[in-house]
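A look at the structure
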Amino acid sequence: MAEEAILGFLQNNDEIAHSGYFAAEHNLDHEEVKNVIKSLQAFRYIEAKVLKREFFDLTDEGKKYAAEGSPEFHFFSAVPEEGTISMDDLQRMLDPFVFDVGSKQAPKKKWVAMGQQVSRTVQHVEDKVKEMLLQIQQGLELDQETLKSLKYRKLIILTEKWSGYSEVKKGPNYAPKRRSLATDLTRENLQNWQELDFKEYNVNAKGQPVDSGHLHPLLKVHSNVKTELLDVFTSSSVRKQFKDIFCQMGFEEMPTNNFVESSFWNFDALFQPQQHPARDSHDTFFLKAPWTTRELPEDYVARVKQVHESGGYGSRGYNCEWKREEANKNLLRTHTTAVSSRMLYALAKGPFTPKKYFSIDRVFRNEAVDKTHLAEFHQIEGVVCDRGLTLGDLIGVLQEFFSRLGMSNLRFKPAYNPYTEPSMEIFSYHAGLEKWVEIGNSGMFRPEMLQPMGLPEDVRVIAWGLSLERPTMILYKCDNIRELFGHKVDLKKVKENPICRIGIESA
Ligand code: PHE
């Protein structure tokens, strides 16, 4: 409708001066006309200029001035060309309204000199106000300054405000009817190409946004690795960041690719007594099938049994029967220290060399799930073994490690682990939360663990562990761990979460 009307009209006319009036005259909706204009313009059937204009009506006073002339003009006309006239005479001669308004406007325009006697200061004046009002009556456009002064004198009033009407002319591709363009390179279109007009290829058109994968928040967190600033921008894996810190400190990664572990490596090798509550099915997921491990290093198992039951290496042991069946039970590893025990055992087999190991991987605990606990989460673990290490070395390594994460203010609290003595919980002051938060656990592995493996007597092993989720929760100001990991994670959040930087946030 609108398209036919516009193209048809332009066939016999040079232009459509005002799309709004055009729409009104043709009984069309102006919005629709504007849309059609845009589309016809895109194909250059027409050329269109978008304009803005206000329309005014004359007020009663304005109409009077337009018909009879402005009061100031009458006032001026009443003053003689030569000589003077008294105000009293003028008042007597003129209509009170004309006298009133004219006596203000005429001197303002510097047409007359006022006093007791009034005289002309110019020979001739033009009644511009009247002219302008007449122009407005004819629908002509006036400058803003003039409109402002007429509005101020309440001679005109705004009737309609056209925000964006168009002035339309024929374009280079003008035709009285739109040719439909072929937009696709189909087999048919290619066969009939000579009869068709193809739509021009728009190389500037934006393609469909590609829906890509998104990093999980745990993977997205940045640590502030100061020596590798570039890396902050190129890599976005929290594991990679922790890994970088470990690697810069000379640590090797441990192979953690076994979620299923035997109780032996998870507990017994770590001198964890078989009656320990953590070994209960309330705390640990045991496997139904295969429910026992296939093989263990028998001579080492014998030494572990011995140290549990009756001690040795200066220890009294637990003085309790140690059952092989318990050690054989398969479970989902409850900590990555299970991997550390395998690694230390392997290390003890060869001639001793100092080592620094780390791992970052999944662990499982049969815990009631709540806001801060999940049944599976991730642990970061560091282990250093060398001759003659002390608690001072452990504290030093921890200071170094955590300061690289931007946490330099550490405190330690004595703790208990079956496999470390002494043991320390690690706290860091969190400026954002304004309190000390526990960030990890640490200790020196006991001789009851290291000696049966066959490590030299003077070799000491210091180690620490922390969860990956905890610092991430603090960073994301997320108080529900289930929003971070597991099936309740909101995919939209994953998509939109900003990247956090450990160092910057907590510094
Ligand atoms: N395995 C401990 C835990 O799960 C962490 C730890 C690792 C403690 C190494 C001491 C030494 O919390």
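Before any of the text, the structure's been laid out above.
About the cut-offs
Residues numbered from 1 in each chain as written. Predicted model: local features only at pLDDT ≥ 70, side-chain atom pairs only at ≥ 80, totals over all residues. Axes fitted to C-alpha atoms, helices over the stretch in contact; angles between N-to-C directions. Helix = DSSP H or I, 4+ residues; strand = E, 2+ residues; numbered from the N terminus. Left-handed = near helix turned anticlockwise from the far one by under 90°. Contact = placed C-beta atoms within 7 Å. Nonpolar A, V, L, I, M, F, W, Y, C, P; charged D, E, K, R; others polar. Parallel < 35°, antiparallel > 145°, perpendicular 65-115°, else oblique. Pairing = 2+ DSSP bridges. Near = placed C-beta within 6 Å. Expected span 1.5 Å × (residues − 1). Buried ≥ 20, exposed ≤ 12 C-beta atoms within 10 Å, placed from the backbone. Arc of directions from axis to C-beta. Core = buried A, V, L, I, M, F, W, Y, C linked by C-beta atoms within 7 Å.

A few words now on the packing of helix α1 (residues 2–12) against helix α3 (residues 30–42). α3 packs onto α1 with a crossing angle of 65 degrees between their chain directions and a minimal axis gap of 9 Å. Crossing angle aside, the handedness with which α1 passes α3 is right-handed. Contact residues: A2, E3 and I6 in α1; E32, V33, V36, I37 and L40 in α3. Partitioning the contact of α1 with α3 into residue classes produces six nonpolar, no polar and two charged.

Where helix α4 (residues 60–68) contacts helix α8 (residues 128–137), the two axes come as close as 8 Å, and the packing angle between them is 110 degrees. Classified by the angle between their axes, α4 and α8 sit roughly perpendicular to one another. Two packed elements cross with a definite hand, and for α4 against α8 that hand is left-handed. Contacts between α4 and α8 involve G62, Y65 and A66 from the first element and V129, K130, L133, L134 and Q137 from the second.

This part is about unusual backbone geometry. With the exception of glycine, the majority of residues adopt a negative phi angle, and the majority of peptide bonds are in the trans configuration. Following A289, the chain continues into P290 via a peptide bond in cis, with omega recorded as -10 degrees. Relative to the assigned elements, P290 resides in the loop between α14 (263–266) and α15 (298–309). In this structure, the amide linkage connecting E421 to the following residue, P422, adopts the cis form with an omega of -5 degrees. Tracing the backbone shows P422 in strand β13 (residues 420–430).

The next subject is the sheet that holds strand β11 (residues 376–387). If you trace the seven strands from one edge of the open sheet to the other, you get β7-β10-β11-β15-β14-β13-β12, paired in mixed fashion. Each having just a single partner strand, β7 (252–253) and β12 (410–417) make up the two edges of the open sheet. Across nine bridges, the pairing between β11 and strand β15 (residues 459–467) is antiparallel. By the bridge assignment, E381 is partnered in β15 with G465. Of the strands in this sheet, β10 (355–364), β11 and β15 touch helix α17 (residues 337–349), which is tilted by about 30 degrees from β11.

This part is about the site of the ligand. For the ligand, the full set of nearby residues is H335, T337, E381, N417, T420, N441, S442, G443, A463, W464 and G465. Those elements that place two or more of their residues in the shell around the ligand are β14 (435–445) and β15. Counted by class, the shell around the ligand contains two nonpolar, eight polar and one charged residues.

Given a rise of 1.5 Å per residue, 13 residues ought to cover 18 Å, and the 18 Å separating the end C-alpha atoms of helix α18 (residues 391–403) matches this to within 8%. If you check which residues of α18 are buried, you get L394, L398, F401 and F402. One side of α18 holds all its buried residues, which, seen down the axis, span an arc of 85 degrees.

Here the focus is the environment of T59. Looking at the secondary structure, you find T59 in the loop between β2 (46–58) and α4. Between the alpha carbons of T59 and L155 there is a distance of 5.2 Å; along the sequence they are 96 residues apart. For T59, the residues in contact, after removing those within four places along its chain, are K154, L155, I156 and I157.

Quick look at the nonpolar core now. Counting 48 residues, the largest nonpolar core has A269, L344, C385, F445, M449, L450 and V461 as the members making the most contacts within it. Ranked by residues supplied to this core, first place goes to β15 with six residues. Counting residues in each nonpolar core, the second largest holds 13 residues, with F22, V36, I37 and L40 among its members.

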